[in-house]
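Here's the letter readout for the chains.
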Amino acid sequence: RFLSALRRRCDIAGKRLSGPGLAAEGRVLRTVLYVYHSRLLRHRPYLALQQVEQCLKRLWKMNLVGCLETLVGLIPKKNASKAQAECLVPSQPILETVALKVLGGCKLILRLLDCCCKAFLLSVKHLCSKEFILLNTVASGLLSRLWFVIQYRCVLQTLMSLYSALSTVLHLVSETQKSPYIKGFAFPSDVGDFLGVNVSSEAKKQKAEMFTAKKSTSWMKKFFPAMPEAVSKVGKKRKSETCTSAVRNCGILCPVDIGETVV
C-alpha cells in the first residue's frame, strides 16, 4: 500500500516539475537576460531577475525528475501476493538520496518563489518611477506568470506530500534492513519544520503583496487608449474565425498565436 502511494506521488511530482509552464518561463527569462545583458548590468530589477534564473538553473541541475523516474523504476508495479513473505523494495541508500533531493528541491522552490516576489515588487517600483518601462513591463509579467505557474500547479505542496510518503517507506525499510548511506544528517519527519515557514501563509502573503503592487501601475492605461467599438467587434470576429480554422486545420495541440488586429 505504501509503495503504490509512493509511486503515484512520484508520478505526479515528476509531471508537475517537467510541465511545459516552468520550462517555457525559464526559456523566456534566459532570453530577456541575454537581450539586456550589455545594457543593464547594474540595474536592480535586472540583478533580481538573475537571482530568479539562478534558482531555476539549480533546480534543473538537480535532475530531480530523473531521480524520481529511477525510483519509480525500482518500485514493483503490483503488490506481492499475501502468500509471499518477501517483497522487493528500493534500498535505504536510494530512498535517502531521493529524500535528500526532495528536501533540497523544496528549499529551492521556496527560495524561487521568494525571489520572484521580490523581483516583481522591484520591477513594479521602477516601473512606477517610469524607468526602463519596456524591460520592467516584460519582467513583471514574466515573474507573475512564473510565480502563478508554481502556485497553480502546487509544485511545492506536491513535493512536500511526496516527502511524507518517502519518509514513511524509508522508516519501514530502515527497520527491516538497516543500511544507512547518508550520515551526520537527521531526516526531518515534517517538511514544514525543515523549511522553517508556513508555506500556505507565506504564499498568501506574497500574493497579497503582488496584487497590491500591481494596482499601482494603473497609470499605464493612458498609454493604451480604449479600442473603438467598431474595431473591437471586427477584432473579435476575426479572432473567432481564426480560432475555428486553426482548430479545424491544425488540431487543438498545435500552438497558434491568435490576436486582435492592431490599428
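An unreviewed UniProt entry lists the chain under the name NEPRO protein, with Cardinalis cardinalis as the source organism.

Student: How would you explain the overall build of the chain if you had to name every residue and give the values?
Tutor: The helix and strand inventory of the chain stands at 10 helices and zero strands. Element order for the chain, N to C, with α for helix and β for strand: α-α-α-α-α-α-α-α-α-α. For the chain, with 263 residues in total, the buried portion stands at 38%. Of the contacts made within the chain by residues no fewer than 6 positions apart, 85% connect residues no fewer than 24 positions apart. Just so you have it, the chain exposes about 16300 Å², and 58% of that area is on carbon and sulfur atoms.

Student: Hey, could you go over unusual backbone geometry for me, with residue numbers and the actual values?
Tutor: Positive phi, normally seen in glycine, also occurs at asparagine 63, with a value near 55 degrees. By secondary structure assignment, the location of asparagine 63 is in the loop between helix H3 (44–61) and helix H4 (64–74). Judged by relative accessible area, asparagine 63 falls into the partly exposed class, the value being 47%.

Student: So what's going on with the nonpolar core? Residues and values would help.
Tutor: Looking at soluble globular proteins, one finds that nonpolar side chains tend to be buried together. In this structure, Leu6, Val52, Val102, Ile109, Leu159, Leu162 and Leu166 are the most contacted members of the largest nonpolar core, which totals 67 residues. If we ignore the near neighbours within four places in the chain, the residues touching isoleucine 109 are Leu17, Leu59, Ile150, Val155, Leu156 and Leu159.

Student: For the packing of helix H1 (residues 2–17) against helix H7 (residues 155–176), give the residues involved together with the corresponding values.
Tutor: Where H1 contacts H7, the two axes come as close as 9 Å, and the packing angle between them is 150 degrees. Between H1 and H7, the interaxial angle falls into the category roughly antiparallel. Considering how the two elements wind past one another, H1 and H7 form a crossing that is left-handed. Residues Phe2, Leu3, Leu6, Arg9, Cys10, Ile12, Ala13, Arg16 and Leu17 of H1 lie in contact with H7, whose contacting residues are Val155, Thr158, Leu159, Ser161, Leu162, Ser164, Ala165, Leu166, Thr168, Val169 and Leu172.

Student: I'd like a description of the pattern of salt bridges, backed by residues and values.
Tutor: One pass over the full model with this rule turns up four salt bridges. The partner of lysine 57 in a salt bridge is glutamate 53, with the nearest N and O atoms 3.9 Å apart. Placement of the pair is lysine 57 and glutamate 53 together in helix H3, with a separation of four residues, close to one helical turn. Of the charged contacts, one joins aspartate 114 and arginine 111 as a salt bridge, the two residues approaching to 3.8 Å between their closest N and O atoms. Placement of both aspartate 114 and arginine 111 in helix H5 (residues 92–128) is noted, with a separation of three residues, approximately one turn of the helix. Judged by its relative accessible area of 39%, arginine 111 is partly exposed. Residues joined by salt bridges that share partners form a network here, namely Arg111, Asp114 and Lys118.

Student: Before we move on, could you go through the confidence of the model for the chain and cite the residues and values that matter?
Tutor: When pLDDT is low, close inspection of the predicted coordinates is not appropriate. Per-residue confidence for the chain gives a mean pLDDT of 76; residues scoring 70 or more make up 77%. When the criterion is pLDDT under 50, residues 246–259 qualifies, and its contacts beyond four places in sequence or with other chains add up to six contacts.

Student: Which residues make up the state of the cysteines, and what values do they have?
Tutor: Summed over the entire model, instances satisfying the criterion amount to zero disulfides. Cysteine 67 carries a free sulfur, and the closest cysteine sulfur to it, the one in cysteine 10, is 9.0 Å from it. Just so you know, cysteine 117 is unpaired, no disulfide at all, and the nearest cysteine sulfur is the one on cysteine 116, 8.7 Å from it.

Student: Help me get a handle on the packing of aromatic side chains, residues and values and all.
Tutor: One pass over the structure, following the stated rule, counts one aromatic pair. On the numbers, 4.9 Å between centres and 80 degrees between planes, the contact of tryptophan 147 with phenylalanine 148 is edge-to-face. The exposure class of tryptophan 147 is buried, given its relative accessible area of 2%. Stacked on the ring of phenylalanine 194, the Lys or Arg lysine 107 has its end atom at 5.5 Å from the ring centre.

Student: Describe helix H2 (residues 20–35), listing the residues and the values that go with them.
Tutor: Helix length check: H2 (16 residues) gives 23 Å between terminal C-alpha atoms against 22 Å at 1.5 Å per residue, within 8%. Three or more residues of H2 are buried, namely Leu22, Glu25, Gly26, Leu29, Val32 and Leu33. The arc that holds every buried residue of H2, seen down its axis, measures 125 degrees, which confines them to one face. In this structure, H2 carries Pro20 and Tyr34 as exposed residues pointing more than 90 degrees from its buried face. Summarising the contacts, the buried residues of H2 are in contact with H1, H3 and helix H6 (133–152).

About the cut-offs
- Residues numbered from 1 in each chain as written.
- Predicted model: local features only at pLDDT ≥ 70, side-chain atom pairs only at ≥ 80, totals over all residues.
- Heavy atoms only, no water.
- Helix = DSSP H or I, 4+ residues; strand = E, 2+ residues; numbered from the N terminus.
- Buried < 20%, exposed > 50% of the residue type's maximum accessible area, 1.4 Å probe, protein only.
- Contact = heavy atoms within 4.5 Å.
- Areas by Shrake-Rupley, 256 points an atom, 1.4 Å probe, with all protein chains shown as cover.
- Core = buried A, V, L, I, M, F, W, Y, C linked by side-chain atoms within 4.5 Å.
- Axes fitted to C-alpha atoms, helices over the stretch in contact; angles between N-to-C directions.
- Parallel < 35°, antiparallel > 145°, perpendicular 65-115°, else oblique.
- Left-handed = near helix turned anticlockwise from the far one by under 90°.
- Salt bridge = Lys/Arg side-chain N within 4 Å of Asp/Glu carboxyl O.
- pLDDT = per-residue confidence, 0-100.
- Disulfide = S-S within 2.5 Å.
- Phe/Tyr/Trp six-rings, centres within 6.5 Å; stacked < 30°, edge-to-face > 60°.
- Lys NZ or Arg CZ within 6 Å of the ring centre and 35° of its normal.
- Expected span 1.5 Å × (residues − 1).
- Arc of directions from axis to C-beta.

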